[in-house]
Amino acid sequence: MLNENCIFCKIIKGEIPSKKVFENDEMLVFADIEPKAKVHLLAVPKTHFKLLSEAGEKERATIARMLAALPEIAEKNGCKNGYRLVVNQGDDAGQTVPHLHIHVLGGEVLGW
Ligand code: AMP
Ligand code: ZN
């Protein structure tokens, strides 16, 4: 289920443009609009929920498959020497978009 007010749902529906690097029936990976590293991708499930704690069995299986797919996607998109995955959860983490997303950061040596 998608949410009509969510920016990432709009990207999934194609209502807002994005630079897509990978897509299948359950996930989309696109470039972050304000990259914090040379390579900065966002991987999102094609269903709207905010937090890992809200994921049911189906969403958990999707997240597992997303994690399994990301090494190849990261490698193909310029992370030749490692990368960092970040999943901000809630206000204290600074989560700004309430649609679960996995940041993929790399393409250079990353500081903290
Ligand atoms: P977070 O702070 O973890 O919620 O991350 C949200 C990320 O979404 C930020 O890195 C933003 O730069 C990114 N972002 C927001 N709007 C867009 C957009 N329209 N296209 C691509 N990335 C976006
Ligand atoms: Zn959404």
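For the structure itself, look to the data block above.
Quick caveat, the model's predicted, so the values are computed rather than measured. (Residues numbered from 1 in each chain as written. Chains lettered and ligands numbered in written order. Predicted model: local features only at pLDDT ≥ 70, side-chain atom pairs only at ≥ 80, totals over all residues. Heavy atoms only, no water.)

**Student:** Help me out: how do you make sense of the coordination of the zinc ion (ligand 2) in this one?
**Tutor:** Geometry reference: four tetrahedral donors at a metal, ideal angle 109.5 degrees. Six octahedral donors, ideal angles 90 or 180 degrees. Taken together, Cys6 (SG), Cys9 (SG), His48 (ND1) and His99 (ND1) make up the full set of protein donors to the zinc ion (ligand 2), lying 2.0 to 2.3 Å away. One way to put it: the four donor atoms around the zinc ion (ligand 2) meet at angles of 105 to 115 degrees, and that makes the site tetrahedral. Site description for the zinc ion (ligand 2): donor spacing in sequence, C-x2-C-x38-H-x50-H. A residue is classified by how much of its surface remains accessible, and Cys6, at 4% relative accessible area, is buried. For Cys9, a relative accessible area of 0% gives the class buried. (Donors = N, O, S within 2.8 Å, 3.2 Å for Na, K, Ca; no water. Tetrahedral: all angles 85-135°; square planar, octahedral: opposite > 155°, others 65-115°. Buried < 20%, exposed > 50% of the residue type's maximum accessible area, 1.4 Å probe, protein only.)

**Student:** Please explain the layout of surface pockets as it appears in this structure.
**Tutor:** The probe, sized like a water molecule, is rolled over the atoms to show the empty space still left. Put simply, the largest pocket is a space of about 450 Å³. Lining the largest pocket are 24 residues, and of these Phe8, Asp32, Ile33, Glu34 and Leu42 sit closest to its centre. Put simply, the parts of the chain that give the lining of the largest pocket at least two residues each are α1 (7-13), β2 (27-31), β3 (39-45) and β5 (102-106). Element by element, the count of residues in the lining of the largest pocket is highest for α1, at three residues. (1 Å grid on protein atoms, 1.4 Å probe; cavity = no way out; pocket = protein on both sides within 12 Å on 5 of 7 lines; lining within 4 Å. Points joined across faces, edges and corners; volume = space filled by probe spheres on them. Helix = DSSP H or I, 4+ residues; strand = E, 2+ residues; numbered from the N terminus.)

**Student:** Even after reading the chapter, I still don't get the pattern of salt bridges, so can you show me in this structure?
**Tutor:** Charged atoms that come close allow side chains of opposite charge to pair. Counted under the stated rule, the structure contains five salt bridges. Put simply, Glu23 and Lys46 hold a salt bridge, and the shortest N to O gap is 2.7 Å. Here Lys46 lies in the loop between β3 and α2 (57-76) and Glu23 lies in strand β1 (residues 20-23), a separation of 23 residues in the sequence. By relative accessible area, which is 39% here, Glu23 ends up partly exposed. Salt-bridge contacts for Glu26 lead to Arg65; the nearest nitrogen and oxygen are separated by 2.6 Å. (Salt bridge = Lys/Arg side-chain N within 4 Å of Asp/Glu carboxyl O.)

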